[in-house]
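Chain by chain, the residues:
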Amino acid sequence: MKTTPFFSFSALALLFGLSAGCASSTLATDVREVDDVFKARNRRDLAVSVPDEEDWEKTAAEVPKLLAKPLDADAAVRIALAHNRDLRAAFYEIGIARGQFVQAGLLPNPEIEFELRRSTDPAQPLQADIGLEYDISALLLIPLRKGVAEAELSAERLRVAGEVLDTAYRARTAFYTVQARRQELDLRARALTAFQAGYAAAEELNRAGNIPDVDLATQRAAVESARIDVAEAENLLLDARESLNATLGLSGEQTRWTVEAPLADPSTEALPTEQLEKRAVEASFELAELEARMQVSSRRVGLARTEGNLPHLSGGFHGEHDGFSWELGGHVTVGLPVFNRNQGRVISARSELGAQRERYAATATALRATVRSALNRVESTGRRAQHYRQVVLPAREKALAETLLQYNAMQVSVFQVLDSQRQVTQTGMAYVETLLAYWNARAALDQIIAGRHRGLGLGPAGASGTSMPSGGGGSAEAVH
Amino acid sequence: MDRRKFVQFGVAAGGALLANSALGQQKPGAQGPARPAPKRAVFPGGQVAVTTPNGVTLPLKEKDGVKIGHLVAMPIKHTFAPGLEGDCWGYNGRTPGPTIEVVEGDRVRFYVTNKLPEPTTVHWHGVILPNGMDGVAGLNQRVIKTGETFVYEFTFNHPGTFMYHPHFDEMTQMALGMMGMIVVHPKRPKGPPVDRDFVLMTHEWRIEPGARRPDPNEMTDFNVLTFNSKAFPGTDPLVVGRGERVRIRFGNLSAMDHHPIHFHGLTFELTGTDGGEIPAAQRHPETTVLVPVGSTRVIEFVPNEPGDWAMHCHMTHHVMNQMGHGMPVMVGANAQKIDAKVQGLLPGYMTMGHAGMGDMAEMGMPVPKNSIPMVGGPGPFGSIDMGGMFTILKVRDNPDTADPKGWYQHPKGTVADRADEALMKADGIDPDAKFG
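Residues numbered from 1 in each chain as written. Chains lettered and ligands numbered in written order. Predicted model: local features only at pLDDT ≥ 70, side-chain atom pairs only at ≥ 80, totals over all residues. Heavy atoms only, no water.

Asker: Outline the packing of helix α6 (residues 136-207) of chain A against helix α9 (residues 285-309) of chain A, listing residues and values.
Answerer: Residues and elements named next belong to chain A. As a packed pair, α6 and α9 sit with axes 9 Å apart at the nearest point and diverge in direction by 165°. Of the possible angle classes, the one that applies to α6 and α9 is roughly antiparallel. In this structure, α6 crosses over α9, and the sense of that crossing is left-handed. Here the residues of the contact of α6 with α9 are counted per class, giving 13 nonpolar, six polar and ten charged. (Axes fitted to C-alpha atoms, helices over the stretch in contact; angles between N-to-C directions. Helix = DSSP H or I, 4+ residues; strand = E, 2+ residues; numbered from the N terminus. Parallel < 35°, antiparallel > 145°, perpendicular 65-115°, else oblique. Left-handed = near helix turned anticlockwise from the far one by under 90°. Nonpolar A, V, L, I, M, F, W, Y, C, P; charged D, E, K, R; others polar.)

Asker: Let's hear about the sheet that holds strand β2 (residues 127-135) of chain A: which residues, and what values?
Answerer: Residue and element names in this part refer to chain A. Here four strands make up an open sheet; going across it, the order is β1-β2-β3-β4 and the pairing antiparallel. Because the sheet does not close on itself, it has two edges, and the strands there are β1 (111-117) and β4 (326-334). Strand-to-strand twist in this sheet, taken as the mean axis angle between neighbours without regard to direction, amounts to 15°. The sheet strands contacting α6 are β2 and β3 (313-321), and the helix crosses β2 at an angle near 20°. (Pairing = 2+ DSSP bridges. Contact = heavy atoms within 4.5 Å.)

Asker: Outline empty space enclosed by the protein, listing residues and values.
Answerer: Inspection of the entire model under this criterion finds one cavity of 30 Å³ or more. One number sums up the size of the largest cavity: a volume of about 50 Å³. For the largest cavity, the full set of lining residues is Y407(A), M410(A), V412(A), S413(A), V414(A), M327(B), P328(B), M330(B) and M352(B). (1 Å grid on protein atoms, 1.4 Å probe; cavity = no way out; pocket = protein on both sides within 12 Å on 5 of 7 lines; lining within 4 Å. Points joined across faces, edges and corners; volume = space filled by probe spheres on them.)

Asker: How would you explain the pairing of strand β22 (residues 307-313) of chain B if you had to name every residue and give the values?
Answerer: Two faces, one strand: in a regular strand the side chains alternate between the faces of the sheet. All names here are of chain B. Counting buried positions along β22 gives five out of seven residues, so the element sits mostly inside the fold. Sheet topology places strand β16 (residues 259-263) next to β22; three bridges connect them, and they run antiparallel. Across the sheet, the residue bridging to I261 is C313, located in β22. Relative to strand β25 (residues 390-396), β22 runs antiparallel, the two being bridged by six bridges. Bridge assignment links M311 to a residue of β25, and that residue is T391. (Buried < 20%, exposed > 50% of the residue type's maximum accessible area, 1.4 Å probe, protein only.)

Asker: Tell me about the interface of chain B and chain A, residues and numbers included.
Answerer: Interface extent is often summarised as the accessible area lost during association of the parts. The interface is formed by 31 residues belonging to chain B together with 32 residues belonging to chain A. Both faces combined, the contact of chain B with chain A buries some 2,600 Å², and carbon together with sulfur accounts for 69% of it. Looking at the side of chain B facing chain A, the largest losses of area belong to P328(B), L345(B) and L346(B), adding up to 23% of the total buried there. Between K337(B) and E204(A) there is a salt bridge, with its nearest N and O atoms 3.8 Å apart. At the boundary of chain B with chain A, the tally comes to ten residue pairs in polar contact (both at pLDDT 80 or more). Looking at the side of chain B that touches chain A, the element that brings in the most residues is helix α3 (residues 335-342) of chain B, giving four residues. Class assignment for the residues of the side of chain B that touches chain A results in 22 nonpolar, seven polar and two charged. (Buried area = accessible area lost by both parts, 1.4 Å probe. Salt bridge = Lys/Arg side-chain N within 4 Å of Asp/Glu carboxyl O. Polar contact = N/O pair within 3.5 Å; in protein donor to acceptor, adjacent residues only side chain to side chain.)

Asker: Please provide a residue-by-residue account of the pattern of salt bridges, values included.
Answerer: Taken as a whole and assessed by the stated rule, the structure comprises 55 salt bridges over all chains. Two residues, R107(B) and E153(B), come together in a salt bridge whose shortest N-O distance is 3.4 Å. With a gap of 46 residues between them, R107(B) in strand β7 (residues 107-114) and E153(B) in strand β9 (residues 149-155) connect regions that are remote in the sequence. For E153(B), a relative accessible area of 23% translates into the label partly exposed. R283(B) serves as the salt-bridge partner of E277(B), at 4.0 Å between the closest nitrogen and oxygen. Connected through salt bridges with shared partners, the residues E93(A), E156(A), R159(A), E163(A), E289(A) and R293(A) form a single ionic network.

Asker: If you had to explain the environment of V291(B) to someone new, which residues and values would you point to?
Answerer: Residue and element names in this part refer to chain B. Among the secondary structure elements, V291 is positioned in strand β20 (residues 288-291). According to the relative accessible area criterion, V291 is buried, its value standing at 0%. The spatial distance from the C-alpha of V291 to the C-alpha of F250 is 7.0 Å, given a sequence separation of 41 residues.

Asker: Tell me about the packing of α6(A) against helix α11 (residues 414-450) of chain A, and please be specific about residues and values.
Answerer: Where α6(A) meets α11(A), the closest approach of the two axes is 10 Å, and the angle between their N-to-C directions is 180°. Our classification of the angle between α6(A) and α11(A) gives roughly antiparallel.

Asker: Can you explain unusual backbone geometry? Please cite residues and give values.
Answerer: Residues and elements named next belong to chain B. Cis peptide bonds are those with omega within 30 degrees of zero, and the linkage from T95 to P96 qualifies with -5°. In this structure, P96 sits in the loop between β5 (84-91) and β6 (100-103). For the bond running from F232 to P233, omega is 15°, close enough to zero to count as cis. Looking at the element boundaries, P233 is found in the loop between β13 (224-227) and β14 (238-241). Located in the positive-phi region is N54, a residue other than glycine, with phi close to 65°. Mapped onto the elements of the fold, N54 is located in the loop between β2 (47-48) and β3 (61-63). The phi dihedral of Q322 falls on the positive side, at around 50°, and the residue is not glycine.

Asker: Let's hear about the sheet that holds β20(B): which residues, and what values?
Answerer: Residues and elements named next belong to chain B. Taken in spatial order, the five strands line up as β14-β25-β22-β16-β20 in an open sheet, and their pairing is mixed. The open sheet has two edge strands, β14 and β20, and neither has a second partner. Taking the axes of each pair of neighbouring strands and ignoring which way they run, one obtains an average angle of 20° across the sheet. Relative to β20, β16 is paired through four bridges, and the arrangement is antiparallel. Bridging across to β20, H262 finds its partner in T288.

Asker: Go over the state of the cysteines, please, and point to the residues and values.
Answerer: In protein structure, a disulfide is the covalent linkage between the sulfur atoms of two cysteines. Residue and element names in this part refer to chain B. One pass over the structure, following the stated rule, counts zero disulfides over all chains. Not engaged in a disulfide, the cysteine C88 finds its nearest cysteine sulfur in C313; these two sulfurs lie 20 Å apart. A relative accessible area of 1% means that C88 is categorised as buried. Of the residues examined, C313 reaches a relative accessible area of 1% and is grouped as buried. (Disulfide = S-S within 2.5 Å.)

Encoded structure:
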């Protein structure tokens, strides 16, 4: 009896070859596709470069160059996009989804069964069976499963694009915080100098017998409290630097970067307020991702239904050799979808779709509210910062100048002059905090327009966050 | 300008001048240092007219045997001293109001127009008159509302030195400058006649350096002390002749303080109060007269020593301008140590008062606008480190022609100066002598 092989050897070799080719890393593709998303939005500044796997430990070439100069906010963002390891991990996570997509498109493997049997009757020949089984249902369901995986891949790509934005936003706001804390430290040190001057005056006056010990002690207490303020400000600056280091992915020698520029005054550019909500909704990666997840769920519903209703089909061929000849035949197995038609999975998938639809609506509502809130915060903090710069600070300076004149006219003491000076410093601190709130709000608004609205650190409205230098409250009163 | 317009302008301008004259007004700045009072014997018995340094006398016109005057209570701008202006209230555009000068037995009719933002009255302090003319709001009359004109008519039955002031919201109105002096010459003067007769109203104010409005709420810490509402160096000197008999009539409508007015270079006798004349037998020589709040005091003297003599309240804080009291004593402190610390923050800062305050006038430190240094007026030997209730009695041989701004020319060898070492040695004076 002549046998005819069911699969040729060459066909099997091709299948194995295809499988091997798909197993290589898709990182470059994943990065390029995310970059393409930003290119389409004219945000080339958010392009991310992730080194090949073999170079994964190396630092991107642009990072040392950027660190060599005093940092600014844009440089901090570039470093973060090139060097933040969490972001790189996110790109690898696209690969997970891509792998699942590739997996979903693979043909099911045939199953071959060999069987040898010997009878207890020595006269009986050795019997051999060979069978080949193929899951036809799985084959038929490939397009549907691939569709689900493709939607998941698309959602994952959007999620990672959002993470790119998050990383850039965190780097920018962390940089602003460093600037603010640095300025606060300078101002706290200035307040300390004022307290030290007051103490020096008190020491002299006490030595001359003009003020009692209680006044001297009060001045001393004010100085020492101001020292604590300076120490706390130093700590806050260190914390801010470390927060930025973490965001930029820096360690060791790389953390010796410097910052020179103070927080800039509020921008005088008009805010892009036209159709802001609509633009934010259109740009939202969160909504786009949810839309993709809804697509996933929708396809899962279809898959579950099809799986449930499609009778399980498998087929195969069977050969049996009884020692003398082969008996060849085929078979088809049909599972009857009588009891289990995937009703449970359909319910789950439909519920998942429903939940995501609602989440989409909720997210859109939250997004619009966040747009309005951020816009309000930018406008409010901007106006307050301008008011501090143009009105309050000059008014404090004027009050100081007038206090000095009153001192010249022997109306107030040196302690009151120094107290007025500290008020200028205190106002400077409030200005810095307001500037920080402004630039954070500005970054948040930019972030929303770029496509991300969750996790924005707008902070409490109207809080300047500064406190009076510790010794300030009672010092002037303590000495006359 | 054609002739017709010129005439109209002249009439209008003249009318304005007449009106001002009738009210005893003078434009701010028009007044200069008081020229020596001419010996005008215009009152019975050859009594001279009074001089109000830095002030004027209320013009009176006589009609049917009644002397008629007009007081307008009004907001004014007043200069206490160069550099210190106040938004005050007064009469006829000034504080103190014009001095009322009459003779015992004069029947007077005073119209009082209220141009203040609140009601007022006029109380004729020390004058014994019909009860309904006494001016106490609610007790003797209803208030003079804003825009109303009241008339007071009575007879001055007693000679003496009196005052006038509001008796409605007097805390506010007097704190803002509403007061004036009244001189009633006797019909038949007794005693030796005087050659010069001055009136000086003492007062106290609270004006924050840099502010313009005197503070009516102040109760203790007054910082501008004045003669006739002027603080030195804004006070006009009193020029008198050597050997002349001089009378000075003081009034005090300060809120809280009496003023011991001290004279240099002479002794005087207290001759009267707002209660009347002090009998000659009870008079005795003094160099300081205490002028209590709400009182008048009249002194007379004959200066025999020519020169420029200080005359001032002897409360030391009353001869300071806008002195602050809320700061620590700086005397004895090392200014360099303090400056080194403070000037790093405030380059304009300079420690003051560490060597006393006598040289404050010459430091020339910038002070708030509308405020004046605590002390300081020009003197022949440098800055006079006084302020406030301080003026100068200039005793001259030729008072009618002497320049009120001029300084006494001391005969050689009559001015204290640095001691000659040889003389010190001869007299056994060792400047390095140690004590204690």
